[in-house]
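Chain and residue survey
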Amino acid sequence: MDKNLSALKPALVWKHFAQIVRIPRPSSHEEKIRKYVMDFAKSRGLECKEDAAHNVYVRKPASKGMEDRKGVILQAHLDMVPQKNNDKKFDFTKDPIDAYIDGEWVTADGTTLGADNGIGAAAILAVLEDDTLVHGPLEALFTATEETGMDGASGMAFAVALKQKRPDIEVAVFEKNPKVLKKILVTGNGRCNILNFD
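Residues numbered from 1 in each chain as written. Predicted model: local features only at pLDDT ≥ 70, side-chain atom pairs only at ≥ 80, totals over all residues. Heavy atoms only, no water.

Re the packing of helix α2 (residues 31-43) against helix α3 (residues 115-129)
- Where α2 meets α3, the axes come as close as 11 Å, and the angle between the chain directions of the two elements is 10°. Considering their axes alone, α2 and α3 lie roughly parallel with respect to each other. The segment α2 lies against α3, with Tyr36, Val37 and Phe40 engaging Leu125, Leu128 and Glu129. (Axes fitted to C-alpha atoms, helices over the stretch in contact; angles between N-to-C directions. Helix = DSSP H or I, 4+ residues; strand = E, 2+ residues; numbered from the N terminus. Parallel < 35°, antiparallel > 145°, perpendicular 65-115°, else oblique. Contact = heavy atoms within 4.5 Å.)

Shown next as structure tokens:
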């Protein structure tokens, strides 16, 4: 079993994902992953804060000469679905995921991998770390408790509100469904009704 996820490409994404899978982070137990993100941001000299809902915000200034460009918001949630095989003894609040490479796949030994949305968080951290990227202002939003309460999806309200406050930035929603924000409409359970998307 090859467990060296950090050897995969793109290197910065897999470096962060290899760390993220080692951090216990089921819904409502995200303290350690929030600390990882906050420590990362502080180590890079990036502005960061945690709000009352336990969302983490990180801001990276524009590259030199790009200050007048529109900003971009990147968003991922920090929790994961804690599922395991019946014969697996595992405590998702304490045990790290045992991830490994199986051919062309990254998988986990008897548990969910936590790629939803650990890989999204890893990609955002990679973008924030990569000083070779030329970019306008970047805002990263790492939302809490999406898997059990749709709190992460409610983070879309932040993007909409930020766009209203700062019309100079671009808000991009990366959604695999052909109908943007379908997940909020279908599973929002009334918690996202401040956003009236058709």
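After that view of the structure, there is still more to cover.
Some details on the packing of aromatic side chains
- Under the criterion given, the structure shown has two aromatic pairs.
- Plain terms: the ring middles of Trp14 and Phe17 are 5.6 Å apart, the flat faces sit at 90° to each other, and that makes the pair edge-to-face. With Trp14 and Phe17 both in helix α1 (residues 11-20) and three residues apart, the pair spans about one turn of that helix.
- Here Lys49 stacks its cationic end above the ring of Tyr57, 5.6 Å away from the centre of that ring. (Phe/Tyr/Trp six-rings, centres within 6.5 Å; stacked < 30°, edge-to-face > 60°. Lys NZ or Arg CZ within 6 Å of the ring centre and 35° of its normal.)

Considerations on α2
- Between the first and last C-alpha of α2 there are 18 Å, a value that for 13 residues agrees with the 18 Å anticipated at 1.5 Å per step.
- Those residues of α2 not exposed but buried are Ile33, Arg34, Tyr36, Val37, Met38, Phe40 and Ala41.
- Against α1, β1 (47-50), β2 (56-60), α3 and β6 (138-143) lie the buried residues of α2.
- Gly45 lies just past α2 and shows a positive phi near 70°. (Expected span 1.5 Å × (residues − 1). Buried < 20%, exposed > 50% of the residue type's maximum accessible area, 1.4 Å probe, protein only.)

Concerning the packing of α1 against α3
- It is at 8 Å that the axes of α1 and α3 come closest, and there the two elements cross at 130°. Viewed along their axes, α1 and α3 adopt a mutual orientation that is oblique. Between α1 and α3 the crossing geometry is right-handed. Together, Leu12, Val13, Trp14, Lys15, His16, Phe17 and Ile20 of α1 and Ala115, Gly118, Ile119, Ala121, Ala122, Ala123, Leu125, Ala126 and Glu129 of α3 make up the contact between the two elements. (Left-handed = near helix turned anticlockwise from the far one by under 90°.)

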